Amino acid sequence: MKKNIQKKKLLIIGAGGHAKVCYDICISNKYKFIGYLINNYKKNFNKIKENKKKFIIDDLTNINKYINRNTYFFIAIGDNKIRERIFRKYYKTIKFANLIHPSSILSKSVILGKNIIVNAGSILNSDVVVSDNTIINSGSIIEHDVKIGKHSHLCPGVKIAGNVKIGSNVFVGLGSNIINNLKIENNVTIGAGSLVLKNIKKMSKVAGVPAKKIR
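What counts, and at which threshold
- Residues numbered from 1 in each chain as written.
- Predicted model: local features only at pLDDT ≥ 70, side-chain atom pairs only at ≥ 80, totals over all residues.
- Heavy atoms only, no water.
- Salt bridge = Lys/Arg side-chain N within 4 Å of Asp/Glu carboxyl O.
- Buried < 20%, exposed > 50% of the residue type's maximum accessible area, 1.4 Å probe, protein only.
- Helix = DSSP H or I, 4+ residues; strand = E, 2+ residues; numbered from the N terminus.
- 1 Å grid on protein atoms, 1.4 Å probe; cavity = no way out; pocket = protein on both sides within 12 Å on 5 of 7 lines; lining within 4 Å.
- Points joined across faces, edges and corners; volume = space filled by probe spheres on them.
- Nonpolar A, V, L, I, M, F, W, Y, C, P; charged D, E, K, R; others polar.
- Contact = heavy atoms within 4.5 Å.
- Pairing = 2+ DSSP bridges.
- Core = buried A, V, L, I, M, F, W, Y, C linked by side-chain atoms within 4.5 Å.

*Asks:* Help me understand the pattern of salt bridges in this model?
*Replies:* For the structure on display, the rule yields 2 salt bridges. Salt-bridge contacts for Lys-65 lead to Asp-58; the nearest nitrogen and oxygen are separated by 3.1 Å. Its relative accessible area of 57% is what places Lys-65 among the exposed residues. The residue Arg-88 makes a salt bridge to Glu-84 at a minimum N-O spacing of 2.7 Å. Separated by 4 residues within a single helix, Arg-88 and Glu-84 lie in helix α3 (residues 80-90), roughly one turn from each other. Note on Glu-84: relative accessible area 12%, which makes it buried.

*Asks:* How should I be thinking about the layout of surface pockets in this particular structure?
*Replies:* In this approach, a probe sized like a water molecule rolls over the atoms, and the result shows the empty space that is left. The computed volume of the largest pocket comes to approximately 270 Å³. Of all the elements in the fold, those that place two or more residues in the lining of the largest pocket are α1 (17-27), α2 (41-44) and α3. In terms of residue count, α1 provides more of the lining of the largest pocket than any other element does, 3 residues in total. Across the lining of the largest pocket, the residue classes tally to 6 nonpolar, 7 polar and 3 charged. Together, Gly-78, Asp-79, Asn-80, Lys-81, Asn-169, Phe-171, Asn-187, Val-188, Thr-189, Met-203, Ser-204 and Lys-205 line the second largest pocket.

*Asks:* I keep staring at the environment of Gly-167 and nothing clicks. Help me out?
*Replies:* Of note, Gly-167 is situated in the loop between β16 (165-166) and β17 (171-172). For Gly-167, a relative accessible area of 11% puts it in the buried group. Along the sequence, Gly-167 and Val-188 sit 21 residues apart, while their C-alpha atoms lie 8.1 Å from each other. Once you skip the residues sitting within four places of it in the chain, Gly-167 turns out to touch Gly-149, Ser-152, Ile-184, Glu-185 and Asn-186.

*Asks:* Whenever I open this one, the sheet that holds strand β10 (residues 129-130) confuses me. Can you help?
*Replies:* The pairing of strands in a sheet happens through backbone hydrogen bonds and is either parallel or antiparallel. Spatial ordering of the open sheet is given by β7-β10-β13-β16-β19, a layout of 5 strands whose pairing is parallel. Looking at strand neighbours, the two that pair on one side only are β7 (111-112) and β19 (183-184), the edges of this open sheet. Of the pairings in the sheet, the one linking β16 to β19 comprises 2 bridges and is parallel in character. Paired with Lys-165 across the bridge in β19 is Lys-183.

*Asks:* Whenever I open this one, the nonpolar core confuses me. Can you help?
*Replies:* The tendency in soluble globular proteins is for nonpolar side chains to be buried as a group. Ile-178, Ile-184 and Ile-190 are the most contacted members of the largest nonpolar core, which has 25 residues in total. Discounting chain neighbours no more than four positions away, the residues touching Ile-178 are Lys-159, Ile-160, Ala-161, Val-164, Ile-166, Val-172, Ile-190 and Val-196. Formed by 22 residues, the second largest nonpolar core is a distinct cluster that contains Ala-15, Cys-26, Ile-48 and Tyr-72.

*Asks:* I tried to follow the side chain of His-151 on my own but got confused; where do I start?
*Replies:* Here His-151 lies in the loop between β13 (147-148) and β14 (153-154). Residue His-151 is classed as buried on the basis of its relative accessible area of 2%. Not counting residues up to four positions away in its chain, the partners in contact with His-151 are Asn-80, Arg-83, Glu-84, Phe-87, Arg-88, Asp-132, Asn-133, Thr-134, Asn-169 and Val-170.

*Asks:* I tried to follow the sheet that holds strand β9 (residues 123-124) on my own but got confused; where do I start?
*Replies:* Read across the open sheet, the 6 strands follow the order β6-β9-β12-β15-β18-β21; overall the sheet is parallel. Single-partner strands in this sheet number two, and they are β6 (105-106) and β21 (195-196). Where strand β18 (residues 177-178) and β21 come together, 2 bridges link them in parallel fashion. Paired with Ile-178 across the strands is Val-196, a residue of β21.

Here it is in structure tokens:
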């Protein structure tokens, strides 16, 4: 006789396009989706497309009334800085989920922090480390021994070769490629379609083939 295993409940923080993707993964995952908590509730309420009577929809400032042993939270906001601000505010008081799309492939040696999303078709190979509050978007390939810092965002189709070290608050644009053994420091932005062949210093913005500093 099979045991009736109760799913962990999940509230999504956010209401934009990224929240839609997180909702889709949630309903195909180990969590039971129960609703949204929204920043600027009155302004963003109408962005929710799902049946509003079925789910909790509340202001983020009311988060405390939903904190309990069986409820997890996921910050579904694409902007690194906003996502970091919310994570830092609540990381000591709430439990964060990780959302892994069923079609993604993760080595058993991959280490994930908290509030990580790995979207459809992504591959994370041996000894990859993804730190807290980071987005790995659809179709990304991350090779062996890559380390990714907190609050970063890899857009769809990013390819990172082995032994790359990526800092915190890094944004890697759509379809970019990074060759092996490089170091990408904190607060770097890499433009869409770039080919990164050299280390990148902190606070830099680069783009192009090969990628060059643009600011």
